[in-house]
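The primary structure of each chain is shown beneath.
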Amino acid sequence: MMAETTGSGAGNVSGVRCVIVTPELTSLDTRARFVTLPLFDGQRGVGRGHAPFIGRLGAGEVRITGEQGGPADAVRRVFVEGGFVEVGHDSVTVITQRAIPAEKIDLSQAREELDKIRGTVATGEEAIASKMQAEATAREVVRIAERSR
Amino acid sequence: MAKARALDRRRRSVRNIRKITRTMELIATARFKKAMDRSVAARDYTKQLVKILENIASVGADVVHPLLDVRPTKRAAVLVLSGNRGLCGGYNSNIVRQSVAILGQWRSEQVDTDVAVSGKRGISALKFRGIHMDERYTSFEDKPAFDAVMPIGRAYLEAYASGKIDRLDVVYTRFHSIARQEAVTEMLLPLKAPEIAGAVPGGAVPGGAASGTATTQLASQEYDFYPSAESILEEILPASFLSRLFKCFLDAAVSEQVARMVAMKAASENAAGLIKNLSRRYNRARQSQITGEIMEILGGVEALKQ
């Protein structure tokens, strides 16, 4: 107990380490107080001492709260398009094919994209399923962009 | 006079060529460094995928997936990664030789092929040999983007899943080190199951590799899977295929820059040698011309004396 207090009291080693990797590069590597993940079936928060798990992600935003060196309630939002997350002992590794910081999403472009997907006609079960998925993803992008304005 | 002047003109043109090759060498060096950095940055993703695969394997999930099925090859896809530009030594010709070999092999086994070629050089070389190409890409330069590679990979995954192709081979230049790159034919589909398990020691990055493996093996029992190990496996195999395909593109880009760097360095050195040789010949020609002129003057003086 004593050791733990000293550990977090040092300030630099508190919270969880959050890493976001994409095929091209490691786009984020930081420490934060709390991380919210968009799992395939809903959101899940991870703080220090969370039980380890490996999960599938849906399209949505990763929220990183209380980043090291910033205000305790500051939130960084990153849009991820599916992928996986590996939560280890005090570390969160998000493995995704696309990660875009929320503030870099162009809202009008995102809306256009959503309209374009809505405008397409899908026939056949597979095409309908993939259209629905694309639409859900596009809607999520728009939502995140609206919120980060 | 004419000979000396001609030599001087040649020397000047060789100097200009040296300027060009020297510049190209410097550009290739800079591009190589950038491409190399990208390639290194991309390793993390593969490393993490391998880590998850390793964990799934260690909980004893059944590794059964359509992408792992080995079927008798009736139709094979071949993807050739060459460069858009020349002046890079044997880079493109090695690739073309390798791809002609594999296509010849498939033809002798009477397997239909579906050929896709990236890079203008490869396209024109295969066209010259009368090989039919189903797809051509010319947009990949020294910085292949994952977003550009993904649709190609997705198309192959779909074709494989629907049985349109039974195998995918990629012909590209693998990058070992600055001193060694080799043109190889690598089978990407079907994914090799033992390779997934065996990818661990090879895939782990040097430095902490041994300890990393040990800790993950210990920790693997503790992991929960959401929704399940099988479902994650189903998603992770296509992702790992895409990342391997992307790595082929990155390797090809790095190798092309190295090949160009080496070729241009050799060309610059060769030009320097030529200049030296031409200078020597020019000086000799000039000297003999001067001697000739003196002799003429002396001859004239002698003639006037008489």
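Residues numbered from 1 in each chain as written. Chains lettered and ligands numbered in written order. Predicted model: local features only at pLDDT ≥ 70, side-chain atom pairs only at ≥ 80, totals over all residues. Heavy atoms only, no water.

Trainee: Let's hear about the overall build of chain A: which residues, and what values?
Mentor: Looking only at helices and strands, chain A has three helices and seven strands in total. Across its three principal directions, the C-alpha atoms of chain A cover 65 × 30 × 25 Å. Here chain A holds 149 residues, and the buried ones make up 42% of them. Pairs at least 24 apart in sequence give 51% of the contacts found in chain A among residues at least 6 apart. Per element, the accessible surface of chain A, about 7900 Å² overall, is 50% carbon and sulfur. (Helix = DSSP H or I, 4+ residues; strand = E, 2+ residues; numbered from the N terminus. Buried < 20%, exposed > 50% of the residue type's maximum accessible area, 1.4 Å probe, protein only. Contact = heavy atoms within 4.5 Å. Areas by Shrake-Rupley, 256 points an atom, 1.4 Å probe, with all protein chains shown as cover.)

Trainee: How would you sum up the packing of helix 3 (residues 91-108) of chain B against helix 4 (residues 120-128) of chain B? Please name residues and give values.
Mentor: All names here are of chain B. Between helix 3 and helix 4, the shortest axis-to-axis distance is 10 Å and the interhelical angle comes to 50°. As summarised for this structure, helix 3 and helix 4 are arranged oblique, according to the angle between their axes. Regarding helix 3 and helix 4, the two cross each other, and that crossing is right-handed. Contacts from Asn92, Val96, Ser99 and Val100 in helix 3 reach Arg121, Gly122, Ala125 and Leu126 in helix 4. Across the contact of helix 3 with helix 4, the residue classes tally to four nonpolar, three polar and one charged. (Axes fitted to C-alpha atoms, helices over the stretch in contact; angles between N-to-C directions. Parallel < 35°, antiparallel > 145°, perpendicular 65-115°, else oblique. Left-handed = near helix turned anticlockwise from the far one by under 90°. Nonpolar A, V, L, I, M, F, W, Y, C, P; charged D, E, K, R; others polar.)

Trainee: I'd love a proper account of the sheet that holds strand 3 (residues 135-137) of chain B, names of residues and values included.
Mentor: Residue and element names in this part refer to chain B. Spatially, five strands are ordered 3-2-1-4-5 in an open sheet, and the strand pairing comes out mixed. Looking along the sheet, the strands with just one partner apiece sit at the ends: strand 3 and strand 5 (180-189). Put simply, the sheet's adjacent strands are angled 20° from each other on average, direction ignored. One ladder, built from five bridges, connects strand 1 (residues 75-81) with strand 4 (residues 167-177); its direction is parallel. In the strand pairing of strand 4, Val78 is matched with Asp169. Contacts from helix 3 reach strand 1, strand 2 (112-118), strand 4 and strand 5, with the element oriented near 150° to strand 4. Helix 8 (residues 229-305) contacts strand 1, strand 4 and strand 5 of the sheet and is inclined by roughly 45° relative to strand 4. (Pairing = 2+ DSSP bridges.)

Trainee: Before we move on, could you go through the nonpolar core and cite the residues and values that matter?
Mentor: Leu79(B), Tyr156(B), Leu168(B), Val170(B) and Phe241(B) are the most contacted members of the largest nonpolar core, which totals 54 residues. The set of elements that each furnish at least two residues to this core consists of strand 1 (16-21) of chain A together with helix 2 (43-58), strand 1, helix 5 (146-161), strand 4, strand 5 and helix 8 of chain B. The element that contributes the greatest number of residues to this core is helix 8 of chain B, accounting for 15 residues. In this structure Leu79(B) touches Ala116(B), Tyr137(B), Tyr156(B), Leu168(B), Asp169(B), Val170(B), Val171(B), Leu245(B) and Phe249(B), once residues within four positions along its chain are discounted. Cys18(A), Val62(A), Ile64(A) and Val94(A) belong to the second largest nonpolar core, which has 19 residues in total. (Core = buried A, V, L, I, M, F, W, Y, C linked by side-chain atoms within 4.5 Å.)

Trainee: Would you mind going over unusual backbone geometry in detail, with residue names and values included?
Mentor: All names here are of chain B. Residues Leu189 and Pro190 are joined by a peptide bond in cis, for which omega reads -5°. Here Pro190 is to be found in the loop between strand 5 and helix 6 (193-203). Residues Tyr226 and Pro227 are joined by a peptide bond in cis, for which omega reads -5°. By the element assignment, Pro227 lies in the loop between strand 6 (224-226) and helix 8. At Gln110, a position not held by glycine, the phi torsion is positive, near 55°. Following the sequence through the fold, Gln110 ends up in the loop between helix 3 and strand 2. A residue is classified by how much of its surface remains accessible, and Gln110, at 72% relative accessible area, is exposed.

Geometry only, nothing functional implied.
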